[in-house]
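Secondary and tertiary structure notes
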Amino acid sequence: MPVRAIRSLAFEDLKVGLSELVLKTVTDQDIVGFADISGDQNPIHLSDLYASKTRFGQRIAHGLYTASLISAVIGTRLPGPGAVYMSQTLNFKAPVKIGDVVRVHVEVAELIENRQRARLACECAVDATVVLDGEAWVRVPSRLELTAAA
């Protein structure tokens, strides 16, 4: 993902419909690095020869690598630092390949004020194809909590 300033929003700053959009070009280095970090050495991700014989015809990114792009948006942009994941659902719909530009869109879908919870609609797409969607529940700190942590 391009280097962007980290943005930290408090619960009071959130409104239903607020969203963030980030683009990320998937590289060979991303896939190899994710395999090293995760321990998922499945040859569909790492071997051109193996992957060429699959229904995808070429190497594909780990599904959880694509999901981690959502985590990056939540942790750095919407709502940003201080947000704590409560849960995440993921629906994998299509493969992501080296060179694909993934459009990561996270949008506030619901707010629960008394618990400082936000439901975020999450979608990753390549061109017009949704490759992953789902929703995340996060606890979002108040302005007072963010100020105290600074």
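Structural notes, computed from the coordinates. (Residues numbered from 1 in each chain as written. Predicted model: local features only at pLDDT ≥ 70, side-chain atom pairs only at ≥ 80, totals over all residues. Heavy atoms only, no water.)

Now for the overall build of the chain. Broken down by element type, the chain carries five helices and six strands. Secondary structure elements in the chain, listed N-terminal to C-terminal, are β-α-α-α-α-β-β-β-β-β-α. For the chain, the C-alpha atoms occupy an extent of roughly 55 × 30 × 25 Å along the three principal directions. Per-residue burial for the chain yields a buried fraction of 34% across its 150 residues. For the chain, long-range pairs separated by at least 24 residues make up 67% of all intrachain contacts whose partners lie at least 6 apart in sequence. Approximately 8000 Å² of the chain is accessible, and the part contributed by carbon and sulfur atoms is 54%. (Helix = DSSP H or I, 4+ residues; strand = E, 2+ residues; numbered from the N terminus. Buried < 20%, exposed > 50% of the residue type's maximum accessible area, 1.4 Å probe, protein only. Contact = heavy atoms within 4.5 Å. Areas by Shrake-Rupley, 256 points an atom, 1.4 Å probe, with all protein chains shown as cover.)

The subject of this paragraph is the pattern of salt bridges. Taken as a whole and judged by the stated rule, the model has eleven salt bridges. Note that Glu135 and Arg119 form a salt bridge whose closest N and O atoms lie 3.2 Å from each other. In this pair, Glu135 sits in strand S6 (residues 129–139) while Arg119 sits in strand S5 (residues 117–126), placing the two residues 16 residues apart along the sequence. Salt bridges sharing partners connect three or more residues here, namely Arg7, Glu20 and Arg77. (Salt bridge = Lys/Arg side-chain N within 4 Å of Asp/Glu carboxyl O.)

Further remarks concern helix H1 (residues 28–38). Inspection of H1 places Asp30, Ile31 and Ala35 among the buried residues, and these make up the whole buried set. Burial along H1 is one-sided: seen end-on, the buried residues are contained in an arc of 130 degrees. When the buried face of H1 is taken as reference, the exposed residues oriented beyond 90 degrees from it are Gln29, Asp36 and Ile37. Elements that come into contact with the buried residues of H1 comprise strand S1 (19–25), helix H2 (43–46) and helix H4 (63–76). (Arc of directions from axis to C-beta.)

This next bit is on the environment of Gln29. Take Gln29: it is sitting in helix H1. Separated by 22 residues in sequence, Gln29 and Ala51 have C-alpha atoms that sit 17 Å apart.

Mapped onto the fold, Lys24 is located in strand S1. Of note is the side chain of Lys24, whose polar atom sits 2.7 Å from the side chain of Asp30. (Polar contact = N/O pair within 3.5 Å; in protein donor to acceptor, adjacent residues only side chain to side chain.)

Together, Leu21, Leu23 and Val101 make up an exposed nonpolar region whose accessible area comes to about 250 Å². Here Leu21 shows up in strand S1. The partly exposed category is assigned to Leu21, whose relative accessible area is 43%. (Patch = residues over 30% accessible without salt bridge, like charges linked within 9 Å, V, L, I, M, F, W, Y side chains within 5 Å.)

So, on to the environment of Asp30. Along the chain, Asp30 falls in helix H1. Judged by relative accessible area, which is 18%, Asp30 ranks as buried. Along the backbone, Asp30 and Leu9 are 21 residues apart, and their C-alpha atoms lie at a distance of 28 Å. Contacts of Asp30, omitting those with residues within four sequence positions, involve Lys24, Thr25 and Tyr65. Only 2.9 Å separates the side chain of Asp30 from the backbone nitrogen of Thr27, close enough to count as a polar contact.

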